[in-house]
Amino acid sequence: MSEPDDKLNEYIYRRDFNKTPEPVDEESSLDWASNRPIFVIQKHDASRLHYDFRIEVDGVLKSWAVPKGPSVNPSNKRLAMPTEDHPLEYADFEGTIPKGEYGGGTVLIWDRGSYQVINQESEESGSISTQLENGHATIWLKGQKLRGGYALIRTGKSEKARWLLIKMNDEEACSERNPTVTEPNSVKTGQSLEGIRET
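For the structure given in this document, a descriptive report is provided here. Quick caveat, the model's predicted, so the values are computed rather than measured.

Before going further, it helps to spend a moment on the overall build of the chain. Check the secondary structure of the chain and you find 5 helices and 9 strands. Here the C-alpha atoms of the chain give a radius of gyration of 16 Å, agreeing with the 16 Å that 2.2 N^0.38 yields for 199 residues. Residues counted as buried form 47% of the 199 residues belonging to the chain. Excluding contacts between residues fewer than 6 apart, the proportion of contacts in the chain whose partners are at least 24 apart in sequence is 58%. Of the roughly 10400 Å² of accessible surface on the chain, a fraction of 45% belongs to carbon and sulfur atoms. Of the charged side chains in the chain, 25 are positive and 33 negative; the average position of the first set lies 8 Å away from that of the second.

Glancing now at the nonpolar core. One finds Phe-53, Ile-55, Leu-132 and Leu-152 to be the most contacted residues of the largest nonpolar core, which totals 25 residues. In terms of residues, this core owes the most to one element, strand β2 (residues 49-57), which gives 4 residues. Leaving out residues up to four positions away in the same chain, Leu-152 has contacts with Phe-53, Ile-55, Trp-64, Leu-132, Gly-135, His-136, Ala-137, Trp-163, Leu-164 and Leu-165. Formed by 16 residues, the second largest nonpolar core is a distinct cluster that contains Tyr-11, Ala-33, Leu-88 and Ile-109.

Let us now look at the side chain of Ser-71. Here Ser-71 shows up in the loop between β3 (60-66) and β4 (77-87). Classification of Ser-71 by relative accessible area gives buried; the value is 8%. Of note is the side chain of Ser-71, whose polar atom sits 3.0 Å from the backbone nitrogen of Asn-73. Separated by 2.8 Å, the side chains of Ser-71 and Asn-76 make a polar contact.

Reading the values: rules and limits
Residues numbered from 1 in each chain as written. Predicted model: local features only at pLDDT ≥ 70, side-chain atom pairs only at ≥ 80, totals over all residues. Heavy atoms only, no water. Helix = DSSP H or I, 4+ residues; strand = E, 2+ residues; numbered from the N terminus. Rg over C-alpha atoms; globule rule 2.2 N^0.38 Å. Buried < 20%, exposed > 50% of the residue type's maximum accessible area, 1.4 Å probe, protein only. Contact = heavy atoms within 4.5 Å. Areas by Shrake-Rupley, 256 points an atom, 1.4 Å probe, with all protein chains shown as cover. Lys, Arg positive; Asp, Glu negative; His and termini not counted. Charge placed at Lys NZ, Arg CZ, Asp CG, Glu CD. Core = buried A, V, L, I, M, F, W, Y, C linked by side-chain atoms within 4.5 Å. Polar contact = N/O pair within 3.5 Å; in protein donor to acceptor, adjacent residues only side chain to side chain.

Encoded structure:
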């Protein structure tokens, strides 16, 4: 098994791929991405509506569940709870996970694009992997809805560790814009959660 495959053990263990349409061992072109690495934010109407924030790191999508969704206002500190790594092809996934399956509910691609690491002094010390290990990562998103700098900051330790997702105070920050409310639909298909649920 390759290293990315090892990282996906938990993802695979939690799912019955005879029942869920979620991807595994599939090729994905990611031709929508102008550059790499990629990020994707999926709006997920599970037991509770939340947003899954995912960034490409070492061949997989590192993932956090953000209950209130990302903000473009630097005053808002969004709780981001780490979840299992997902395969890169998950960045193209939209659909409904059957009730009773892990993460059951409807998923839409709320935003996606590429990102760059900020404060990358050197390839070693400033890599996204190292920043995440150290509990403080800064990235610049180039999405369709979100742009600019975001910080991921770890709070707590071990199993109690949580993260905060915070918009950095730059030219893309805006205290008056609330894209989770004003731009609710998919950037892939333009559909709403209800539309995807009904297809």
